[in-house]
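Here is what each chain is made of, one letter per residue.
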Amino acid sequence: LSKKTSFRRAFSISSHRLQSCMSAWVIDQYGTHAVLRYTEDITTPAVSSPTDVHVKVYATSLNPLDLAMRGGYGAKLLKLRRDPFSLGDSSAFPLVLGRDVSGVVVDCGSKVAHFAPGDEVWAAVPPWKQGSLAEFITLSEYEVSHKPQSVSHTEAASIPYVANTALSALVNAGGLCAETAPNKRVLITGASGGVGTFSIQLLKAWGAHVTVTCSQNAEGLVRGLGVDEVVDYTAGDVHEQLQAMDRFDMILDNVGGETEQWALDLLKPWSGSKYVTLVSPLLSSTDHSGLLSGSIQAGCTLHNKALQNMLSSGVFYRWGFYAPDGPALDEVRTLVDSGKILPVVEAEFPFTQVPQAFLKLEQGHARGKTVVRVT
Ligand code: NDP
């Protein structure tokens, strides 16, 4: 309690600001680059539930989802998640993007047990909540975790969203964990970006054998993270190169599209092997066909592909999704603080240059993460 009181005194300016407005980058409509707007006049989110944790944002990072959401991707499903019974203000705007946060707790709800003002924390912000391209953010206690001590806020902000995504895909959909992964052969496609560079390190920390596909100029990066075998997808037929190797226990597909037409026959047949793609049509399907029809279409697609692959070769076909999970980030913290997982920050921008950070993201060819320093 005394820690809370002294922190509140020390941060009396922040407390004052909690009642008023904060600065943030927002969009007021879906669109392209021009819709990004800086404001100092957006209402500061407050602790509104006993399990809320109110955080001053020190750094955030961008993900492909930010670009997609800027253009309206997932708007229908996210609106439903935000306001299931259409009780509140149904407008998504002004919408704050940004899915990662590393920062310091400034206030907590009455039932928050694991955090106190002054704690350094990190989190991945669910897409249905206001994002972290802002001075402050309010999250549920269950989404937040104590930040690793050994890295800066800027470095820490590069990890949570890709970590929660990779863990959800590898553990929940892929059935791997520290106990089951040793010596498993895993293929990661699109390994040079945010999810890939994190997944490589997690799987190597667990003792798996990791093969990746990436461009030739990313080979040094992925080898430095511990990859066992690299296939340059720009040098000839990638499927042919991978077919020459032993078959895999799991594929984590970060590329999607045509990849799934050739990747599944690289898996060991009839031995519980799994293909997990992060590029699923669920949200785009609901965007185009409406919530009910789009969900049914996506469900049928998943069901048909899963059945077809199970019947033909006994492999599991699954879709992977980001899932908010503070306790999972606790495990990642241990791996970061023990040096087994390194942040991979490709570019860093100040808060004033968020549009430039988006331009960097739009160029593609990520080699790790693009981070924004907020404070
Ligand atoms: P990034 O943009 O950070 O990385 C993508 C990487 O893939 C880049 O390094 C790119 O480099 C490489 N790449 C592109 N084309 C190919 C190819 N044909 N073969 C091999 N590598 C390729 O994305 P993230 O890592 O953050 O995310 C990966 C994917 O997962 C994205 O599509 C994202 O939208 C999705 N995702 C889905 C989530 C979910 O909940 N379903 C959550 C998070 C991410 P280069 O072009 O130079 O080769």
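For clarity, every value in this text was computed on a predicted model and none was experimentally measured.

Caption draft 1: Quick look at the pairing of strand S1 (residues 21-27). For S1, the tally of buried residues reaches 6 of 7 residues, placing the bulk of the element in the interior. Of the strand pairs in this sheet, S1 and strand S4 (residues 95-96) are connected by 2 bridges, and their pairing is antiparallel. If you follow Val26 over to S4, its bridge partner there is Val96.

Caption draft 2: Region of interest: the sheet that holds strand S2 (residues 36-43). Across the sheet, 3 strands lie side by side as S2-S1-S4; this open sheet has antiparallel pairing. In this open sheet, the two edge strands, each paired with only one partner strand, are S2 and S4. Judged from the 6 bridges that link them, S1 and S2 form a sheet pairing that is antiparallel. In the sheet register, Met22 faces S2, and the bridge partner there is Ile42.

Caption draft 3: Summary view of the site of the ligand. Residues in close proximity to the ligand total 21 residues, the closest being Ser192, Ser215, Tyr233, Tyr322 and Ala366. Here Ser192 contributes a side-chain N or O atom positioned 2.7 Å from an oxygen atom of the ligand. With respect to the ligand, the side chain of His365 contributes an N or O atom lying 2.8 Å from an oxygen atom. When the free accessible area of the ligand is taken as 920 Å², the share hidden by the protein chains comes to 78%. When residues of the shell around the ligand are traced back to their parent elements, those giving at least two are helix H6 (160-173) and helix H7 (194-205).

What counts, and at which threshold
As a convention, each chain's residues are numbered from 1 in the sequence order in which they are written. Note on the predicted model: pLDDT of at least 70 is required for a residue's local features to be given, and 80 or more for side-chain atom pairs to be given and counted; whole-chain, interface and lining totals, by contrast, use all residues. Heavy atoms throughout the structure, all of them, feed into the side-chain values; hydrogens and water do not. Buried means the residue's accessible area, taken with a 1.4 Å probe over protein chains only, is under 20% of the maximum for its type, while exposed means over 50%, and partly exposed covers the values in between. Under the scheme used here, helices are H or I runs from DSSP no shorter than 4 residues and strands are E runs no shorter than 2 residues, and both carry numbers assigned from the N terminus. Following DSSP output, two strands are said to pair if at least two bridges run between them. A molecule or strand has a residue near it when one of that residue's heavy atoms lies within 4 Å. Pairing of N or O atoms within 3.5 Å defines a polar contact, subject to two protein rules: one partner must be a possible hydrogen donor and the other a possible acceptor, and residues neighboring in sequence count only if both atoms are side-chain atoms. Areas reported here follow the Shrake-Rupley algorithm with a probe of radius 1.4 Å; residue values treat only the protein chains shown as occluding.

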